[in-house]
Amino acid sequence: VSSLKREMRNLSEECSLEPVTVSMAYVYFEKLVLQGKLNKQNRKLCAGACVLLAAKISSDLRKHEVKHLIDKLEERFRFNRRDLIGFEFTVLVALELALYLPENQVLPHYRRLTQQS
């Protein structure tokens, strides 16, 4: 899980996403882990979908930036974009559409990320 989180962070930095976006993606990802939704087959798709959802909800990405992010996710995690887009909905349902997170869930990750950089 930690290596996937590192990948999520590196990819987010390459795409100039804000630390708060990465923090949100981490929280989504951890919720999926706690629900037992992750397995060897889907964990990269889970990570990718979490980054994509966090990016869409927390920042005003333009269409070409979303496409760039999807390209990067596809390349980094080696999955098909069609699978990612389909899985995005699966993750959304697993998170019960609760993409706006309370600050106390996001802050610990945010602090760690901003202290590391």
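See the structure above.
For clarity, every value in this text was computed on a predicted model and none was experimentally measured. (Residues numbered from 1 in each chain as written. Predicted model: local features only at pLDDT ≥ 70, side-chain atom pairs only at ≥ 80, totals over all residues. Heavy atoms only, no water.)

Per the stated rule, a full pass over the model turns up 9 salt bridges. Salt-bridge contacts for glutamate 7 lead to arginine 76; the nearest nitrogen and oxygen are separated by 3.1 Å. You can see glutamate 7 sitting in helix H1 (residues 2-14) and its partner arginine 76 sitting in helix H4 (residues 63-77), a full 69 residues away along the chain. Salt-bridge contacts for arginine 81 lead to glutamate 74; the nearest nitrogen and oxygen are separated by 3.0 Å. The exposure class assigned to arginine 81 is partly exposed, which follows from its relative accessible area of 27%. (Salt bridge = Lys/Arg side-chain N within 4 Å of Asp/Glu carboxyl O. Helix = DSSP H or I, 4+ residues; strand = E, 2+ residues; numbered from the N terminus. Buried < 20%, exposed > 50% of the residue type's maximum accessible area, 1.4 Å probe, protein only.)

A few words now on H1. For H1, spanning 13 residues, the distance from its first C-alpha to its last is 18 Å, which sits close to the expected 18 Å at 1.5 Å a residue. Every buried residue of H1 is accounted for by Leu4, Lys5, Met8, Arg9, Leu11 and Ser12. Each buried residue of H1 sits inside an arc of 170 degrees when the element is viewed along its axis, so together they form one side. Just downstream of H1, serine 16 is the residue with a positive phi angle, here 55 degrees. (Expected span 1.5 Å × (residues − 1). Arc of directions from axis to C-beta.)

On to the environment of serine 23, then. Relative to the elements of secondary structure, serine 23 occurs in helix H2 (residues 19-34). Between the C-alpha atom of serine 23 and that of tyrosine 110, which follows or precedes it by 87 residues, the distance is 5.4 Å. Setting aside chain neighbours within four positions, we find serine 23 in contact with Val106, His109, Tyr110 and Leu113. At a separation of 2.8 Å, a polar atom in the side chain of serine 23 contacts the main-chain carbonyl oxygen of proline 19. (Contact = heavy atoms within 4.5 Å. Polar contact = N/O pair within 3.5 Å; in protein donor to acceptor, adjacent residues only side chain to side chain.)

With respect to the secondary-structure elements, lysine 5 resides in helix H1. Owing to a relative accessible area of 17%, lysine 5 belongs among the buried residues under this scheme. Side chain to side chain, lysine 5 and glutamate 30 meet in a polar contact 2.5 Å long.

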